[in-house]
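A closer look at the structure
In case you want the letters, here they are:
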Amino acid sequence: MKKFVAIANAAAIAVAMTFSAGAIAGDAAAGKAKAASCAGCHGAAGVSNNPMWPNLAGQKAGYLAKAIKDYKSGARKDPMMSPMAAPLSDADIDNLAAYFSGL
Ligand code: HEC
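As for the overall build of the protein
Broken down by element type, the protein carries six helices and zero strands. Each helix and strand of the protein, placed in order from N terminus to C terminus, yields the pattern α-α-α-α-α-α. The proportion of buried residues among the 103 residues of the protein is 25%. For the protein, restricting intrachain contacts to residue pairs at least 6 apart in sequence, the fraction spanning at least 24 positions comes to 66%.

Thoughts on helix H6 (residues 90–101)
In an α-helix there are 3.6 residues to a turn, and that puts residues three or four apart on one side. Here H6 spans 16 Å end to end across 12 residues, near enough to the 16 Å set by a 1.5 Å rise per residue. Burial analysis of H6 places nine of its 12 residues in the buried class, which makes it a mostly covered element. Three or more residues of H6 are buried, namely Ile93, Asp94, Asn95, Leu96, Ala97, Ala98, Tyr99, Phe100 and Ser101. In this structure, the buried side of H6 is in contact with helix H2 (28–34) and helix H4 (61–73).

What about the site of the ligand?
Around the ligand, the structure places 18 residues, and the nearest of them are Cys38, Cys41, Ala67, Asp78 and Met80. Elements that contribute at least two residues to the shell around the ligand include exactly helix H3 (39–42), H4 and helix H5 (81–85). Split into classes, the residues belonging to the shell around the ligand amount to 13 nonpolar, three polar and two charged.

So, the nonpolar core
One finds Leu64, Ala65, Ile68, Leu96, Ala97 and Phe100 to be the most contacted residues of the largest nonpolar core, which totals 17 residues. The set of elements that each furnish at least two residues to this core consists of H4, H5 and H6. Non-local contacts of Leu64, meaning those with residues more than four positions away in its chain, are made with Leu56, Gln59, Ala97, Phe100 and Ser101.

A short note on H4
Over its 13 residues, H4 runs 18 Å from end to end, which matches the ideal 18 Å to within 8%, given 1.5 Å per residue. Of all the positions in H4, only Ala61, Leu64, Ala65, Ala67, Ile68, Tyr71 and Lys72 are classed as buried. Seen end-on, H4 carries its buried residues on one side only, within an arc spanning 160°. Where H4 ends, the next residue or the one after it, Gly74, has phi of about 95°, a positive value.

Focus: the packing of H4 against H6
Interaxial distance between H4 and H6 falls to 8 Å at its minimum, and their mutual angle equals 140°. As judged from the angle between their axes, H4 and H6 are oblique. Considering only the axes of H4 and H6, their crossing is right-handed. Residues Ala61, Leu64, Ala65, Ile68 and Lys69 of H4 touch H6, and the partners they reach there are Ile93, Asp94, Leu96, Ala97, Ala98, Phe100 and Ser101.

What about the confidence of the model for the protein?
Predicted confidence across the protein gives a mean pLDDT of 87, with 77% of residues reaching 70 or more. Confidence over residues 15–21 falls short of pLDDT 50; this stretch has two contacts with residues more than four positions distant or in other chains.

Criteria and cut-off values
- Residues numbered from 1 in each chain as written.
- Predicted model: local features only at pLDDT ≥ 70, side-chain atom pairs only at ≥ 80, totals over all residues.
- Helix = DSSP H or I, 4+ residues; strand = E, 2+ residues; numbered from the N terminus.
- Buried ≥ 20, exposed ≤ 12 C-beta atoms within 10 Å, placed from the backbone.
- Contact = placed C-beta atoms within 7 Å.
- Expected span 1.5 Å × (residues − 1).
- Near = placed C-beta within 6 Å.
- Nonpolar A, V, L, I, M, F, W, Y, C, P; charged D, E, K, R; others polar.
- Core = buried A, V, L, I, M, F, W, Y, C linked by C-beta atoms within 7 Å.
- Arc of directions from axis to C-beta.
- Axes fitted to C-alpha atoms, helices over the stretch in contact; angles between N-to-C directions.
- Parallel < 35°, antiparallel > 145°, perpendicular 65-115°, else oblique.
- Left-handed = near helix turned anticlockwise from the far one by under 90°.
- pLDDT = per-residue confidence, 0-100.

Put into structure tokens, the structure is as follows:
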């Protein structure tokens with residue numbers, strides 16, 4: 001019985017964490033580690049210094065993840081972004097989205 005309660009609590013916490021982060025349950029610390037390759041264009045803190053490159057800092061995680069997945073799938077195409085998105089896994093994308101949305 002005790003064991004069941006512990007498992008039920010763990011499940012409840014996992015569900016709560018998933019919902020509190022919205023649809024995206026990314027790991028921002030892991031995202032930060034992956035974000036080094038993004039800084040050249042999107043800025044070290046997610047704020048770009050080029051008028052043609054968008055800021056990512058503070059953007060909604062769900063939007064960021066969708067945008068990157070769209071570049072990866074080809075639904076959205078850009079000569080600079082498509083090759084950046086191509087090698088990312090879904091977990092990488094969720095982590096990057098969590099990181100940039102929290103800046
Ligand atoms: C070589 C420059 C370059 C690099 C490096 C780069 N990006 Fe981009 N990114 C762009 C450009 C340019 C756009 C706008 C493209 C367009 O008009 O669709 C863009 C768009 C985006 C968007 C969509 C923003 C929006 O508001 O719709 C996201 C999200 C994004 N990049 C994430 C990333 C991530 C994450 C990385 C690192 C893995 C990265 N980018 C690396 C140039 C770059």
